[in-house]
Amino acid sequence: MENPAQSFFGGMLIEIFIACILYGITTLQTFIYFQKYQNDMPSLKLMVATIWILETAHTAFCMQVVYAYLVSNFGEFEYFLSINWGVGVTVITEVVISTLVQAFYVKRVWIMSNKAKLLTAFIAFVTVCRIGFGIGSTILSYHFANWLSFRAHKSSLVTVSGGLGAAALVDVLVALTLSFYLTRGRTSWQKSSNSRINLIMLYAVNSGAITASASVLSVILYATQTDSLVFLGLVEIQGKLYANSFLGSLNARSHIRSKNNAAQYPSFEFSNNSAFRAVAPPAPKVEVFQQTIVTNDMGEQENDFGMKNLKGGELV
C-alpha cells in the first residue's frame, strides 16, 4: 500500500525546505542592507525590517504546518484531509509581504513614468484586487473543515486563481513598464551608461518573470494536482521570492554603480520631481611631488622627506 503522506505532502515538504533556504538568503540580504545603506530614508529601513519580521513569522508558521501534519498527527492519514489552522496564517502573511513589495514597485513605476496617473492607478487597482482575493482565500481556509470541501467549492477556485493571477499581472506590468521607460530614456543619457540601463532592465524583467511564473504554476498545480498540497508549497516559496526580489533590488545599487569605471560611466539617481537625472562623475585629480636626495661625503644618502607640491588640480 502506498503511503498517502508521500503523494499528499511529499512535494510540499520539499518546497518548505526550499522556502527555509530562501528565508536564510532573506536574512543575509537584510543584514547586508543595514550594513551598507545606513543613510537610507527611515521609512525604507522600516519597510525592510517589517518584511524581514513578516518573513520570520511566515517561515515559523510554515514549519508549524509541516509539524502538525507529519509529527503531531503522525500515522493519522485522515488528518491529511483537514485544513490546519496555520495554513490560513501563512497565506495571509504571504499576501501582506507580496503587497508591500508590489507597492514598492508601483511607486517606482509612478516615478519612472513621470507620474502617469492612469497607468499607475491600474497597476495599483490590480494590486488591491490581489489583496481581496488573498483575504478571501484565507477566510475560506477557516470556513471549510477539509480540503475536499475547499476544492469542491467554486469560490475557492475564484479566490486562489484570481489572487495568483492578479499577482502575476502586476509583476508583468511592472517589468514591462520599467523596461519601456528605461529604454525610452536612453536617448537623453550618454551612450556609456547603456550598460547600466541594460543591467537594471535585466534585473526588472528577471525578477518579474520569476514571481509571475511562480503564480501561474501555482494555479496550474491547484487545478491539476487535486490530491496534493504541492500548490500550497509553491505559494509559500512565492512569498520568499518577493522578499528577496525587493532586498536584491536595494542591495544591487552599489553593484550597479561600481559595475563600470566611474571615470567613464556616469551614475544616475531617481527623484520625486522627474523620472531620472544624470549625475556626472567627479573629475579625477592628479598631484605631482618632488623629492630631493642628497649624498654626503661619506656616500650616505640624506633623504629630504619634505615633499613639495609642484602642480595639482583637476585633470581636464
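Each remark here, short or long, concerns the structure printed above.
If you're wondering where the values come from, they're calculated on a predicted model, not measured in any experiment. (Residues numbered from 1 in each chain as written. Predicted model: local features only at pLDDT ≥ 70, side-chain atom pairs only at ≥ 80, totals over all residues. Heavy atoms only, no water.)

**Digging into the side chain of Ser-215**
Test applied: Helix and strand assignments come from DSSP, with helices taken as H or I runs of at least 4 residues and strands as E runs of at least 2, each series counted from the N terminus. Partly exposed describes any residue whose relative accessible area lies between the buried limit of under 20% and the exposed limit of over 50%, with all areas from a 1.4 Å probe on protein chains only and scaled to the type maximum. We call two residues in contact whenever any of their non-hydrogen atoms come within 4.5 Å of each other.
Relative to the helices and strands, Ser-215 resides in helix 7 (residues 194-224). Look at Ser-215 and you get buried, because its relative accessible area is 0%. For Ser-215, the residues in contact, after removing those within four places along its chain, are Leu-164, Ala-167, Ala-168, Gln-238 and Tyr-242.

**Examining the pattern of salt bridges**
Put simply, the rule reads: Definition used for salt bridges: Asp or Glu carboxyl oxygen within 4 Å of a side-chain nitrogen of Lys or Arg.
Per the counting criterion, the structure on display carries three salt bridges. For Lys-240, the salt bridge identified is with Glu-55, shortest N-O distance 3.1 Å. Taken together, the residues span a long stretch of sequence, with Lys-240 in helix 8 (residues 230-257) and Glu-55 in helix 2 (residues 42-72) at a distance of 185 residues. Residue classification places Lys-240 among the buried residues on the basis of a relative accessible area of 0%. A relative accessible area of 0% means that Glu-55 is categorised as buried. Between Glu-94 and Arg-130 there is a salt bridge whose closest N-O contact spans 3.1 Å. Pair noted here: Glu-94 is in helix 3 (residues 85-112) and Arg-130 is in helix 4 (residues 117-143), with a separation of 36 residues, a long-range link. The pair Glu-94 / Arg-130 is uniform in exposure class, with both members buried.

**What to know about the packing of helix 1 (residues 4-36) against helix 2**
When two helices pack together, their arrangement is given by the angle between the helix axes and the distance between those axes. Heads up, the rule is: Angles run from 0 to 180 degrees between N-to-C directions of axes, and those axes are lines fitted to C-alpha atoms, restricted for helices to the stretch in contact. Any angle from 65 to 115 degrees is called roughly perpendicular, while one under 35 is roughly parallel, one over 145 is roughly antiparallel, and all others are oblique. In this scheme, a crossing is called left-handed if the near helix is turned counterclockwise away from the far one by less than a right angle; it is called right-handed if the turn is clockwise. Only Asp, Glu, Lys and Arg are considered charged in this grouping, and only Ala, Val, Leu, Ile, Met, Phe, Trp, Tyr, Cys and Pro are considered nonpolar; every other residue, Gly among them, is considered polar.
Packing of helix 1 against helix 2 leaves a shortest axis separation of 10 Å and a crossing angle of 155°. Between helix 1 and helix 2, the crossing angle belongs to the class labelled roughly antiparallel. You can see that helix 1 and helix 2 cross each other, and the crossing is left-handed. Residue classes in the contact of helix 1 with helix 2 are distributed as 18 nonpolar, five polar and two charged.

**Brief notes about the environment of Ser-82**
Looking at the element boundaries, Ser-82 is found in the loop between helix 2 and helix 3. The class for Ser-82 is partly exposed, based on a relative accessible area of 24%. It is 4.1 Å that separates the C-alpha atoms of Ser-82 and Asn-146, two residues lying 64 residues apart in sequence. Excluding its chain neighbours within four sequence positions, the residues that come into contact with Ser-82 are Tyr-69, Ala-145, Asn-146 and Trp-147.

**Some points on helix 3**
Selection rule: Here the expected length of a helix is defined as 1.5 Å per residue gap, with one fewer gap than residues. Under this definition, polar contacts are N or O atom pairs within 3.5 Å; protein pairs additionally need one hydrogen-donor-capable and one acceptor-capable atom, and for neighbouring residues in sequence, both atoms have to be side-chain atoms.
Over its 28 residues, helix 3 runs 42 Å from end to end, which matches the ideal 40 Å to within 8%, given 1.5 Å per residue. Of all 28 residues that make up helix 3, 20 are buried, and the element is covered over most of its length. Sitting at the head of helix 3, Asn-84 places a side-chain oxygen 2.8 Å from the backbone nitrogen of Gly-86. Of the residues trailing helix 3, Asn-114 is marked for its positive phi of about 60°.

**Brief notes about the nonpolar core**
Going by this rule: The set of buried Ala, Val, Leu, Ile, Met, Phe, Trp, Tyr and Cys residues whose side-chain atoms join them within 4.5 Å is what this entry labels a nonpolar core.
Among the nonpolar cores identified, the biggest contains 35 residues, and Phe-104, Ile-123, Val-174, Phe-246 and Leu-250 are the most heavily contacted of them. The greatest single-element share of this core, amounting to eight residues, is contributed by helix 6 (residues 154-184). Those residues in contact with Phe-246 that lie beyond four places of it in its chain are Leu-44, Met-47, Val-48, Ile-51, Val-101, Phe-104 and Tyr-105. Counting residues in hydrophobic clusters, the runner-up holds 30 residues, among them Ala-5, Phe-9, Val-66 and Phe-150.

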